[in-house]
Amino acid sequence: MAKEKKKILIVEDDRFLVKAYKIRFGKIGFDVAVEENGKSGLAKAKKFKPDLIILDLMLPKMNGFEFLAAAKKDEAIKNIPVLVLSVLGQKADKEKALSLGAKDYFVKTDYTLEEIVKNIDKYL
Amino acid sequence: MVRIRTKLLPAFFISILLLAVSSFYGLFFIDKLSKIINENTVTKNASDEAGLRFGKIENILTLYAISDSDKLPALKSEYDFSKGRLDSAAKKIKQRQDLKEFSAVIDKMRLKIAEIADKMIVARREQLKKEGDIGSSLAEMKKLRYEIIDKTARGSEKLKLGLAQMGYEDNEFNFQYKDKKHLDNWFAGIENARSNLEKEKFDLVLPLLDEYFVLAQKVSGARFEADDLGAKNQYYLIQADNILVEYNIAASHITAVLDKEKNIILDDSARQKKISLFFIFTSFLAVILVSIIVSRSINAPIEELVKVARKISFGDLSQRADVNSNDEMGYLAGVFNLMIDSIEKSGKKIEEEGDELRAIISSMGEGLLVLDRKLNIILMNKTAEKALGVSLDDVAGQHVKKILTVFKGDTELPLSQYPANRMFKSGEAVSISIKDNYYYKTLSGKMLPVEIVTAPLFKDGIKGAIVVFKDITDLKVADEDREYAKINLENALKTVYIERDLVREQKTKLEAILNSIGDAVFAVDKEKKVILFNSAAEKITGFSFKDIKNHLYSDYIKFIDEITKAEKNEFINAALSGEKTILSNHTVLVAKDKNLVSVDQTTAPIRNSLGEIIGCIIVFRDVTAKREVDRMRSDFISIASHQLRTPLSGMKWFLEILLNGDVGKLNPKQAGIIKETYANNQNMIDLVNKMLDMSRIESNRMVVNFERVNLADMVKKIIGEIKPMLRQKGQKIHFTGLKDTDLEVNADKILIKNILGNLISNASRYTPVGGEIKVKITQKEKNSLLFSVKDNGIGIPKKEQYRIFKKFFRATNAVEFEANGTGLGLYIVKSILDIMGGKIWFKSEQNKGTEFLFTLPIDIMWCSISK
């Protein structure tokens, strides 16, 4: 199906995973931007103005929670839906992320890329 | 204090008599009496009245006392003058000026007119006087008076009318009517008097007549005759009409009325007689009344006393005389009552003493026998009856030998040697003690060892004997026992010494062992004082046995809870009451240097050979290092697991990409290898998840989060997520039981998902393709759910069933059937259920299938955080 060029910002520091994202999302036809730490991710979000952000939690310089807190306060980007993809499986982590404004939370090992794409579509 | 005022009847009758006598005296000297009375009362009143009226009449009469009849023309001119004033006044009314002033003027005028009119009447009467007609002069006077007054009245009526037209009321003119009324009344009185006189109502008439005749006397010019009826009292005889009135000047009242021939028609004596009769009558009445009252007040108390005395004689001591008067009768009654009181009291006292005595006799521990001089039984108390096995009713009056025989040792005593007879002979009390070795042989043949005391019963000499005996069976036995006990004790003591030496030997051996083992051992006695403390204990705590021996352990060794820091002492209490406890959670020892040492400990009671608890023993171990290691291991697992997920998810997705053909199509062989790699990777992900769960459970960080959920929906959702996996193996799953209810439970969705997920995936994994899995939920009790996950798979071999919940354990047939598996699933499920308060068990037969059952409490109020 033809997709209009939706912009997705991925904030993730593991290059292996980023590559996988790029292959899959690129195939679908999203315009993908990648940042590897929270700080640059924020800056990019403001400039790039994505339609959706995929956010890892364990990031250098500024972790995912801090990113969410900062994004919430920023008028320019606070309305962009953020999906958290993390290795942390505890309920407490999920609740914290959601309370900080994340739209949804996925544990990486529990979801295939296909499933992740389905969820992206949901929130776009 | 009693007031003595005699009410005795005779005395009273005498006083009555005196009274009667004095009244008769009064009768005979009536005028003296009447004088006293009259002067003091009637006379005073009458003369006051007469005086008053006389005064009034006097005033009027002065008006009449004008003798100068030549003044008539002068009077007339005065009258005209006044009339003229009245007319001008009337004019003023028409001009409506100060009417009050005007009415005052009117009053004055009318008085003046009345005055003048009177003068005119007098003048006229003077004329008439010369003609000598007194009776008619009165009538005339009356007539004239009325004429003037009428005229004045009519005139003033006119005025009144006129003023009324201007708005004035009657009462302005009342005074005028008062005068008229007064005169009317006076004349009416006179008329009345005349008629009453005819009817002989003398006493009513007199006051008025007095007036009348005084007036008449003055008016008529005092035609009278002096009376010769006693020079002391001066009388006037006044003639008026056809009667003569005798008037006492001094007393100023009429004393008699006579006819023309001087015959008495009415006289005062009648009145006086009436008065004295009245007094006699009333005094008679008084006498009767008083005597009635007096007799009652004397008789009544006497009757009361008699009544009470009679009742008392019949035995009713509760009665008392009810006489409360403040006199001799009252006093008598009071004394009478006191007498009854004391009789009653002493009666009661005697009764009480009798009761007391009876009570003492019946309750005394010794037997009491009362015998007469011939040794017949008079009295026996309960103790004696019991000891001798007889009853007083049966044996009263019989000889004492009928109930007992006296023995000394084995020898029976002759009667003369009986203590009672010896007492009679000597005259003094006889006492037999335990040393004398006396016995009473009872009717039943029982030999009762006794101590006896017998004393004489005095009543005009020695009438009998009082025997008190005591059963000393116990004392005798005790005596013998004492001897035996002494011997036994000596023997026992010898044994003890021997054993003590043995024990000493053993103790030394024990100490050696204790000191060599690595665990700390200490023991306390029942009072929790330290009685044992090995070297390991010394090392760990920092205290030496020497320092704390025989002291209360808690003064030195403190066990506290790791988290709450509260002192823990119940385990020692529990052990001392017989429980064996193991405490391993969160117990920390506070050493001498205040360091905290984590310990695991076991406590157990120490019992002696009789099984009684004499203390408890505590074995503990320093596990600080172990706990630290455990924690580190847990944390390590956590961190490692999380870190492992990153590459695992990377691999998962890349493999997915490959399989999807996103980077080029795969040939079937390649695809097969990739699929297998994917499956293996998934196993690793699975393992990592389970290890995370395990580390959480083991480090007690698993938290149960309750929320109210619809049970059926929750389970359906869980099954829904697992279904795809089952479909791959062509397996079916059925949900039965509470699947369509609205039942809401307090549950942790994630944990239940974990449990059910594990069980169902196990069921799927260990069941061949096309198999069937059944999930059933029922409500077991009011607050418990029973879950069942049943498969028709490979089952669990009986020999290995006992290990099924152990960590990492996989049954041999399971490993054969499915290479992949962590061996952690059931361990985790059981651990979770342990935390949630549920239970898990299973039924399985190899090659037939397995059913796992578990219960979950769903009570709303129940909740527990990590143990």
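Before going into details, it helps to say that this report is about the structure given with it. (Residues numbered from 1 in each chain as written. Chains lettered and ligands numbered in written order. Predicted model: local features only at pLDDT ≥ 70, side-chain atom pairs only at ≥ 80, totals over all residues. Heavy atoms only, no water.)

Examining the interface of chain A and chain B
- Each partner contributes residues to the interface: chain A has 24 residues there, and chain B has 23 residues.
- Our enumeration of links across chain A and chain B arrives at two salt bridges.
- The partner of R24(A) in a salt bridge is D662(B), with the nearest N and O atoms 2.9 Å apart.
- At the boundary of chain A with chain B, the tally comes to seven residue pairs in polar contact (both at pLDDT 80 or more).
- For the side of chain A that touches chain B, the leading source of residues is helix α1 (residues 15-28) of chain A, giving eight residues.
- Taken together, the residues of the side of chain A that touches chain B break down into 12 nonpolar, four polar and eight charged. (Contact = heavy atoms within 4.5 Å. Salt bridge = Lys/Arg side-chain N within 4 Å of Asp/Glu carboxyl O. Polar contact = N/O pair within 3.5 Å; in protein donor to acceptor, adjacent residues only side chain to side chain. Helix = DSSP H or I, 4+ residues; strand = E, 2+ residues; numbered from the N terminus. Nonpolar A, V, L, I, M, F, W, Y, C, P; charged D, E, K, R; others polar.)

Brief notes about the sheet that holds strand β22 (residues 732-737) of chain B
All names here are of chain B.
- One open sheet accounts for five strands, arranged β22-β24-β25-β27-β26; its pairing is mixed. Only two strands of the sheet have a single neighbouring strand rather than two, namely β22 and β26 (839-845). Ignoring strand direction, the axes of neighbouring strands in this sheet form an average angle of 15°.
- Both strand β24 (residues 772-781) and strand β25 (residues 784-791) contribute to a ladder of eight bridges, which runs antiparallel. When the sheet's bridge partners are listed, I777 is paired in β25 with F787.
- Contacts between helix α19 (residues 711-728) and the sheet are confined to β22, β24 and β25, with β22 contributing the most and set at about 170° to the helix. (Pairing = 2+ DSSP bridges. Axes fitted to C-alpha atoms, helices over the stretch in contact; angles between N-to-C directions.)

Structural notes on the environment of M714(B)
All names here are of chain B.
- Here M714 lies in helix α19.
- Owing to a relative accessible area of 6%, M714 belongs among the buried residues under this scheme.
- Sequence spacing of M714 and K739 is 25 residues, and the spatial spacing of their C-alpha atoms is 9.8 Å.
- Excluding residues that lie within four positions of it along the chain, M714 makes contacts with V709, K749 and I752. (Buried < 20%, exposed > 50% of the residue type's maximum accessible area, 1.4 Å probe, protein only.)

Some thoughts on the side chain of R645(B)
- Within the secondary structure, R645(B) is located in helix α17 (residues 624-660).
- Here the side chain of R645(B) touches V87(A) through a polar contact of 2.6 Å, landing on its backbone oxygen.
- Excluding residues that lie within four positions of it along the chain, R645(B) makes contacts with V87(A), L88(A), G89(A), V107(A), T109(A), V688(B), N689(B) and L692(B).

Notes on the pattern of salt bridges
Residue and element names in this part refer to chain A.
- For the structure shown, the criterion picks out 15 salt bridges over all chains.
- Salt-bridge contacts for D74 lead to K46; the nearest nitrogen and oxygen are separated by 2.9 Å. With D74 in the loop between α3 (64-73) and β4 (82-86) and K46 in helix α2 (residues 38-48), this residue pair connects regions lying 28 residues apart in the sequence.
- The class for D74 is buried, based on a relative accessible area of 17%.
- Residue K46 is classed as partly exposed on the basis of its relative accessible area of 40%.

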